[in-house]
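Structure at a glance
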Amino acid sequence: MGLSFDRDLRRFEDYLKRASIPRHVIKRALAIYRKARKGVNDPLLKHSLKAVALLKASRELRYPLSFEEALKLFPRAKARFLEAVVLVGLPKADPGLYIPKACSRLVKDNEMKGKIMAKAFAQLPKLIKIKNSLKPQTLTAVAIYLACKELGLEFPLWRIAYASGIEESTLRKALRVLGLKDSVPKARACGAGPERGDH
């Protein structure tokens, strides 16, 4: 049992290294997984525990890893995900965690990026108070959209959505839910979507 447990931990660590997860996040994820894994023999639950341990470590250490990215690394984790969440005690994601990464995807100019980030961070508390049920990445996209609007920047809706890791339709729906329907531009023509290679 001891050898099997150690081998499982080593494999988990090696896999995260190959996925280019930062060393400090890996260290914390291993500690969380080691604690939650005790007494668990079900392979699917162990797989789910790895995904949730990585998510918890990322949120604790403010590393911008999304739920979707964690599931890409551990595709079978959906099977026992909720059970793993309870065992690990996964904290709610902070939307502010995703703003820097999304802004970096949206613009390359550092000065402009800084302005958008500052405005987006200022928007978040108001958005969370209004509609706390929206997913973190969706709130991030709405905050960036409002920040750009405030700065007079005209980015296509799909670019803001893609930079934030969501679909354009999700951002559109969120803006309507938040009562910003009149400020939403009309849907773009088919075939004008973003390049999907940059993840």
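Anything mentioned here points back to the structure above.
In this text, all values refer to a predicted model and were calculated from it rather than measured experimentally.

Focus: the pattern of salt bridges
Where charged atoms from two side chains of opposite charge approach closely, those side chains can pair. Tallied over the entire structure, the rule returns 11 salt bridges. We note a salt bridge from D8 to K50, for which the minimum N-O separation is 2.9 Å. In this pair, D8 is assigned in helix α1 (residues 2–18) and K50 in helix α3 (residues 43–60), connecting sequence segments 42 residues apart. Grouping residues by exposure puts D8 and K50 together as buried. The salt bridge involving K115 is made with E111; its shortest N-O contact spans 3.8 Å. You can see K115 and its partner E111 sitting in helix α7 (residues 110–130), 4 residues apart, about one turn around the helix. The exposure class assigned to K115 is partly exposed, which follows from its relative accessible area of 40%. Members of the salt-bridge network, linked through shared partners, are D8, R37 and K50.

A short note on the packing of aromatic side chains
Under the counting rule described, the total for this entry stands at 4 aromatic pairs. Pairing F12 with Y33 gives two aromatic rings, centres 5.0 Å apart and planes at 65 degrees, and the pair type is edge-to-face. One end of the pair, F12, is in helix α1; the other, Y33, is in helix α2 (residues 23–37), with 21 residues separating them in the sequence. Y33 shares its class with F12; the two are buried. A relative accessible area of 1% means that F12 is categorised as buried. Through a chain of ring-to-ring contacts, three or more aromatic side chains come together here, namely F12, Y15, Y33 and F74.

Considering the packing of helix α8 (residues 136–150) against helix α9 (residues 157–164)
Two numbers describe how α8 lies on α9: the axes approach to 9 Å, and their chain directions differ by 140 degrees. With respect to α9, the element α8 is oriented oblique. The crossing of α8 and α9 is right-handed. Every residue of α9 that contacts α8 at Q137, T140, A141, I144 and Y145 is listed here: L157, I160 and S164. Residues that form the contact of α8 with α9 fall into these classes: 5 nonpolar, 3 polar and no charged.

A word on the nonpolar core
With 31 residues, the main nonpolar core has F12, L16, I21, L49, L54, F74 and F81 as its most contacted residues. The set of elements that each furnish at least two residues to this core consists of α1, α2, α3, α4 (67–73) and α5 (81–88). Looking at this core element by element, the count peaks at 8 residues for α3. Beyond its immediate sequence surroundings of up to four residues, F74 is in contact with F12, Y15, L16, H47, K50, A51 and L54. Within the second largest apolar cluster, 29 residues are counted, among which are A120, L127, A141 and Y145.

Calculation criteria
- Residues numbered from 1 in each chain as written.
- Predicted model: local features only at pLDDT ≥ 70, side-chain atom pairs only at ≥ 80, totals over all residues.
- Heavy atoms only, no water.
- Salt bridge = Lys/Arg side-chain N within 4 Å of Asp/Glu carboxyl O.
- Helix = DSSP H or I, 4+ residues; strand = E, 2+ residues; numbered from the N terminus.
- Buried < 20%, exposed > 50% of the residue type's maximum accessible area, 1.4 Å probe, protein only.
- Phe/Tyr/Trp six-rings, centres within 6.5 Å; stacked < 30°, edge-to-face > 60°.
- Axes fitted to C-alpha atoms, helices over the stretch in contact; angles between N-to-C directions.
- Parallel < 35°, antiparallel > 145°, perpendicular 65-115°, else oblique.
- Left-handed = near helix turned anticlockwise from the far one by under 90°.
- Contact = heavy atoms within 4.5 Å.
- Nonpolar A, V, L, I, M, F, W, Y, C, P; charged D, E, K, R; others polar.
- Core = buried A, V, L, I, M, F, W, Y, C linked by side-chain atoms within 4.5 Å.

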